[in-house]
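# What the coordinates show
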Amino acid sequence: MTSWIEIGALDDIPRLGSRVVRTPGGNIAVFRTESDEVFALDDRCPHKGGPLSQGIVHNKRVTCPLHNFVIELASGQAVAPDEGCTHTHPAKVENGIVWLSVRQAAAVS
Amino acid sequence: MLDKVTKQKLVVIGNGMAGIRTVEALLERAPDLYDITVFGSEPYGNYNRILLSPVLAGEKTVDDIMLNTVDWYEDNNITLRKGETINMIDRRTCEVVTEAGERVPYDRLLIATGSNPIMLPLPGKDLPGVIGFRDIYDVDRMIKASTDYRNAVVIGGGLLGLEAANGLMKRGMNVTVVHLLDTLMERQLDPVAGGLLRKSLEERGMVFKMPAQTQAILGEDRVTGVRFGDGTELAADLVVMAVGIRPNFELAKKAGLYCERGVVVSDTMQTYDGRIYAVGECVQHRRQTYGLVAPLFDQAKVCANHLAMKGFATYDGSVTSTKLKVTGIDLFSAGDFAPGPDKEEIVLQDANRGVYKRIILKDKKIVGAVLYGDTIDGPWYFQHLRDGTDVSHMRERLVFGAANLGDGGVSGQNSVAAMSDETEICGCNGVCKGAIVKAISEKKLFTLDDVRAHTKASSSCGSCTGLVEQVLAFTLGGDYSAAPKVKPLCKCTDHSHDDVRRVIVEQQLKTIPAVMRFMEWKTLNGCHSCRPALNYYLLATWPGEYRDDQQSRFINERVHANIQKDGTYSVVPRMWGGVTTPSELRAIADVAEKFNIPTVKVTGGQRIDLLGVKKEDLPAVWADLNDAGMVSGHAYAKGLRTVKTCVGSEWCRFGTQDSTGLGVKLEKFMWGSWTPAKVKLGVSGCPRNCAEATCKDVGVVCVDSGYEIHFAGAAGLHIKGTEFLTKVETEDETLEVIVALTQLYREEGWYLERMYKWCDRVGLEQIRKRVVDDVANRKALFGRFAHSQQFAQTDPWAERASRGVDRNEFAPLAELELA
Ligand SMILES: Cc1cc2nc3c(=O)[nH]c(=O)nc-3n(C[C@H](O)[C@H](O)[C@H](O)COP(=O)(O)OP(=O)(O)OC[C@H]3O[C@@H](n4cnc5c(N)ncnc54)[C@H](O)[C@@H]3O)c2cc1C
Ligand code: SF4
Ligand code: SF4
Ligand code: FES
């Protein structure tokens, strides 16, 4: 079952930007695209753990600030030729409010 | 999405290098647009024709040189009809007709039929044992002949002929090369280099008959010999004709398409029939035909763009370079090297080392280069040739290559062939030679970009680019890795930095989306390379008008601190000219303790670095530093960083001027300005140069009679002493010249191009003319810098610490306590 948690207003995340949600299991980066879609990923690059929330967002991708891995926001997958995957979490916007459903890593992998 | 029914049909005639490169590029740009069918006479997938020479020489196998296997076509939903030749194009019905008479319709057609070897119309030319050198079939026949027979004659002493001769010799045959002229490879080499080449091939056992004209090929059922114009004869069991190629355009001509020496195409690679495109050796573009793959790949890209309906790019012709693929012989040639009244030559001949280099200059630019024996600098000269770099400032040392100019970090002695697999090529990403070679061969990489993408080699600082190109050339055997003539800004566009800067001004473009729209960017929001570049260009072009786009800034510039490997940040307050006070030091100490900052370190730029600050603490750290009168040191910025000074006449017994005071003055005037790449200054009080001013972007060396201004130095990945710009008498003039220089750089530099690279590209004289000689221009530049400083000199820390700018940036959106 998906349990949604309200995490804030869409307007508090810059377009083509990201904010961090703190959780006991580590930070989750919540991204907002140009067309106001939101995506949530663990704030850890599959390469060397760089904070993806600090990267440049373009289309539905983010570039890790440490060594330029490019990560697909929807799947968490690194764009070829790089390899690796970051854990994703369901996120949605309703009436300007962003909702997040935290998936425990263990349940997925 | 277009489904199968409505998809347009693209038919490709010719399953060779240019045709398939076009298809690959098309799939990248528009994977679903067409239903693609490829016809190829040869019974294989697509292979690397260039590498037939090493196959013949026994250094590679046919399997090694396959580029696209049959599976590749299947995986990409391409219908490959190998072993099938097209006999006719019916333009009326838009169909092609196969040998067997089958008609296949097309919406768009691509002709990529390559060329055929020229077979001289000599008596006996059709005898068994007389062959050209073009495809796998030819190579198979030559290999077979080498096991059954002994004597081979190769007609033609050009690139192809010599590679054939070398291969046959390696397979144990006695080989004689017959050449019409008295210089080998006369289209690529001058007589001296041709002579050196001949000598070393003779040492390996090759025999030459030249100049000599072949008159007839002798034999009854099979070739037995060759007769020459002077009446002499030579026994031969195998004759290879390698006298040139003829573009294969019969098919196009029969279809009524306009042809001259090839199928004539426009800048978008279209024939006179707009539905029909052509690329490769069969093509004539602006009166040129090409016989090397680099230009064909450029064509392929443009053609694919147009087919994908992203038609902004045009093909403007190519400059080519050549390397002979005979193992152990290093030969490189590029551009135009015929002597002429308006050309200058620089020649280096070292008979002992067997090295010959000839560089041809015209209007201060390299227009041609011939290298023999030591070709490591080939790509470097070629790069300058294509870029049209003004090389007058390095003229004396030019012939010694990049290493002697401290450019590129490539050592001339260090031939990549001799390096072990463990040799590190890319220091930034720790990639060794073995890894690059493996990626190139296993993943079939062709270009520098491919290698960058797959191995990360040369993807960071780029100082190893030359070496990586060498590894590519060495691994692939051919020199077709050359980058396009004008480097696009990034993969999101085909436009160069210069184009983008020019269009921003001409079209008065004032936002990133406006630039992307006008210049037909290929991606939706660009990428991490182009967005920061565009942001800078707009900021530098429209000071006060353009609103800095924080989301297009690299994180360091967005949060005004330097990200570290663990995601924490480092904070460096400004210390004007490297001078500080007890109260500043006390404040720094207090901040370090209050926020548990783990490391406090003195930097190379004479200031103090606080490392390991948590992002959410940044505003509070800044507030405390601001309270003690300190502002951001911009240690993270592509902008003015530090001004390093010595104590000068105030304290030092040798000091001639107040170097500290001048440094502070410069820093106070220039801080906050954004530049294409970081800018570091140095001011030394006398020529002892304790502030190391002569390896800075801009350096001042004080002397009794005034101030010597130097610039374009570097002491990072590259080490380079500065160039002397000019000498002035007063501090005010010093300031004016340096500010004007920086402004010119801000207006013309490419994003991330350091000042010394810019100077290399534009030329020292050019810069001196506009900054020093032309006083009115200098004052105008100074004025523009001063104007933009009005908007730039706000302390970014204060804005964020106490004025709430970007508050969201530093706090989490939410804190969750999950069950
Ligand atoms: C031995 C050798 C060494 C070389 N070395 C170098 C080098 O070091 N560096 C370099 O840059 N270049 C080199 N080249 C040149 C390079 O290989 C060519 O420039 C390049 O392959 C041309 O590409 P293309 O697609 O135009 O033609 P091709 O690769 O020849 O492809 C044309 C294809 O079309 C097929 N075809 C023709 N007509 C029809 C038809 N009617 N129906 C169906 N199929 C048809 C042909 O069979 C052929 O397979 C070398 C060439 C050779 C032969
Ligand atoms: S550069 Fe000259 S003036 Fe400056 S500290 Fe050194 S010796 Fe003294
Ligand atoms: S601080 Fe500079 S030299 Fe040191 S590891 Fe980092 S990039 Fe390399
Ligand atoms: S940690 Fe993200 S690219 Fe290296």
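That block above? That's the structure.
I will try to describe carefully the structure that is included in this document. None of these values were measured; they are calculated from a predicted model.

With that settled, the discussion passes to the overall build of chain A. Of regular secondary structure, chain A possesses one helix and ten strands. Along its sequence from the N terminus, chain A presents helices and strands in the succession β-β-β-β-β-β-β-β-β-β-α. Evaluated residue by residue, chain A yields a buried proportion of 49% over its 109 residues. Long-range contacts, defined here as pairs at least 24 residues apart, represent 37% of the contacts in chain A between residues at least 6 apart.

All names here are of chain B. Around ligand 1 sit 34 residues in total, of which Ala18, Glu42, Arg134, Glu281 and Lys325 are the nearest. In the environment of ligand 1, a nitrogen atom lies 3.5 Å from a nitrogen or oxygen atom belonging to the side chain of asparagine 248. A total of 990 Å² of accessible area belongs to ligand 1 in isolation, and the protein chains cover 93% of it. Of all the secondary-structure elements, those providing two or more residues to the shell around ligand 1 are helix H1 (17–29), strand E2 (34–40), helix H5 (159–170) and helix H8 (293–307). Among the elements that make up the shell around ligand 1, the one with the highest residue count is H1 (three residues). Each residue belonging to the shell around ligand 1 can be placed in one class, and the counts come to 13 nonpolar, 14 polar and seven charged.

Time to look at the pairing of strand E24 (residues 331–335) of chain B. All names here are of chain B. Most of E24 sits inside the fold, with four of its five residues counted as buried. As paired strands, strand E23 (residues 321–323) and E24 are joined by three bridges and run antiparallel to one another. In the strand pairing of E24, threonine 322 is matched with serine 333. Note that E24 and strand E27 (residues 365–372) share five bridges and pair antiparallel. Bridged to serine 333 within E27 is valine 370.

Where the parts come together, the accessible area they lose is often given as the size of the interface. Listed per partner, the contact involves 33 residues of chain A and 33 residues of chain B. In this assembly, chain A packs against chain B so that about 2,900 Å² is buried in total across both faces, 57% of it on carbon and sulfur atoms. Where chain A packs against chain B, one counts two salt bridges. Listing elements by their share of the side of chain A that touches chain B, those giving two or more residues are strand E1 (5–9), strand E2 (17–22) and strand E5 (56–58) of chain A. Of all the elements, E2 of chain A adds the most residues to the side of chain A that touches chain B, at five residues. Where E2 of chain A and strand E41 (residues 814–815) of chain B come together, two bridges link them in parallel fashion. The partner of arginine 22 of chain A across the bridge, within E41 of chain B, is glutamate 815 of chain B.

Rules used in this analysis
Residues numbered from 1 in each chain as written. Chains lettered and ligands numbered in written order. Predicted model: local features only at pLDDT ≥ 70, side-chain atom pairs only at ≥ 80, totals over all residues. Heavy atoms only, no water. Helix = DSSP H or I, 4+ residues; strand = E, 2+ residues; numbered from the N terminus. Buried < 20%, exposed > 50% of the residue type's maximum accessible area, 1.4 Å probe, protein only. Contact = heavy atoms within 4.5 Å. Near = heavy atom within 4 Å. Polar contact = N/O pair within 3.5 Å; in protein donor to acceptor, adjacent residues only side chain to side chain. Areas by Shrake-Rupley, 256 points an atom, 1.4 Å probe, with all protein chains shown as cover. Nonpolar A, V, L, I, M, F, W, Y, C, P; charged D, E, K, R; others polar. Pairing = 2+ DSSP bridges. Buried area = accessible area lost by both parts, 1.4 Å probe. Salt bridge = Lys/Arg side-chain N within 4 Å of Asp/Glu carboxyl O.

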